[in-house]
Amino acid sequence: MKAELFPFQKRALSDLRMKTGEAIGGYQRTHSNQVVSFTAPTGAGKTIIMASLIENIFLAMWNIQSSLRQ
């Protein structure tokens, strides 16, 4: 990502990644819908944090697919 996250945003991103992983695991175990909620004050950078999360997920999936092709 071109923008560098502040330390508090990096912590939020790390927490979101963990919660997302837990939700995926919960879905795989129970086959019931899971919800991950993200709230932060105005100006905290919610948009850039979520963009970073999506980028992390996309790059992880791309790296897995690339390694399977080799």
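Details of the structure are given in the entry above.
Every chain's residues receive numbers from 1 upward, in the order its sequence appears when written. Local features in this predicted model are restricted to residues whose pLDDT is 70 or higher, and side-chain atom pairs enter the listing and the counts only when it is 80 or higher, whereas totals over whole chains, interfaces and linings include all residues. Side-chain descriptors were evaluated using all non-hydrogen atoms of the structure, hydrogens and water having been removed beforehand.

J.: Whenever I open this one, the overall build of the protein chain confuses me. Can you help?
T.: Helix and strand definitions here come from DSSP, where helices need a minimum of 4 consecutive H or I residues and strands a minimum of 2 consecutive E residues; each element is numbered from the N-terminal end. A count of helical and extended segments in the protein chain gives 2 helices and 0 strands. Contacts are assigned to residue pairs with any non-hydrogen atoms lying within 4.5 Å of each other. Across the protein chain, contacts joining residues at least 24 apart in sequence account for 62% of those joining residues at least 6 apart. Of the accessible surface of the protein chain, which amounts to about 5,700 Å², a share of 60% is contributed by carbon and sulfur atoms. Surface accessibility in these figures is a Shrake-Rupley result with a 1.4 Å probe; residues are shielded only by whichever protein chains are displayed.

J.: What exactly am I supposed to notice about helix H1 (residues 7–30) here?
T.: Because each turn of an α-helix spans 3.6 residues, side chains separated by three or four positions in sequence point in the same direction. For H1, built from 24 residues, the straight-helix expectation of 34 Å at 1.5 Å per residue is met to within 8% by its first-to-last C-alpha distance of 34 Å. Buried means the residue's accessible area, taken with a 1.4 Å probe over protein chains only, is under 20% of the maximum for its type, while exposed means over 50%, and partly exposed covers the values in between. Turning to H1, its buried residues are Gln-9, Ala-12, Leu-13, Leu-16, Thr-20, Ala-23, Gly-25 and Gly-26. After H1 finishes, the residue His-31 shows a positive phi value of roughly 55 degrees. Multiplying one less than the number of residues by 1.5 Å gives the expected span of a helix.

J.: Would you take a moment to explain the side chain of Gln-9 for this structure?
T.: By the secondary structure assignment, Gln-9 is in helix H1. Exposure remark for Gln-9: the relative accessible area of 6% places this residue in the buried category. Setting aside its immediate chain neighbours within four residues, Gln-9 contacts Ala-44, Gly-45, Ile-48 and Ile-49.

J.: What is the right way to read the packing of aromatic side chains from this model?
T.: The geometry of an aromatic ring pair is captured by the separation of the ring centres together with the interplanar angle, meaning the angle of the planes. Each Phe, Tyr or Trp ring, with Trp reduced to its six-membered ring, pairs with another whose centre is within 6.5 Å; inter-plane angles below 30 degrees give stacked pairs, above 60 give edge-to-face pairs, and intermediate values give tilted ones. A complete count under the given rule lists 1 aromatic pair for this structure. For the pair Phe-6 and Phe-8, a centre-to-centre distance of 6.0 Å together with 5 degrees between the ring planes defines the contact as stacked.

J.: Help me understand the nonpolar core in this model?
T.: Side chains of nonpolar character tend, in soluble globular proteins, to be buried together. Ranked by size, the top nonpolar core spans 6 residues in total: Leu-5, Ala-12, Leu-13, Leu-16, Ile-49 and Leu-53. If you list the elements that add at least two residues to this core, you get H1 and helix H2 (46–69). Counting residues per element, this core draws most heavily on H1, which supplies 3 residues. In contact with Leu-16, other than residues within four places in its own chain, are Val-36, Phe-38, Ile-49, Met-50 and Leu-53. To qualify as a nonpolar core, a set must consist of buried Ala, Val, Leu, Ile, Met, Phe, Trp, Tyr and Cys residues joined through side-chain atoms within 4.5 Å.

J.: Could you clarify how one ought to interpret unusual backbone geometry in this entry?
T.: With the exception of glycine, most residues fall at negative phi, and the peptide bonds are largely trans. A positive phi is found at His-31, a non-glycine position, where the angle reads about 55 degrees. With respect to the helices and strands, His-31 occurs in the loop between H1 and H2.

J.: Please explain the environment of Gln-34 as it appears in this structure.
T.: Tracing the chain through its elements places Gln-34 in the loop between H1 and H2. For the pair Gln-34 and Ala-23, spaced 11 residues apart in the sequence, the C-alpha separation amounts to 5.5 Å. Apart from residues no more than four positions distant in its own chain, Gln-34 is found in contact with Ala-23, Gly-26 and Tyr-27. Engagement of the side chain of Gln-34 in a polar contact is seen with the backbone oxygen of Ser-32, the distance being 3.0 Å. For the purposes of these results, a polar contact is taken to be a pair of N or O atoms within 3.5 Å, where, inside protein, one atom must be able to donate a hydrogen and its partner to accept one; residues adjacent in sequence count only when each atom of the pair is a side-chain atom.

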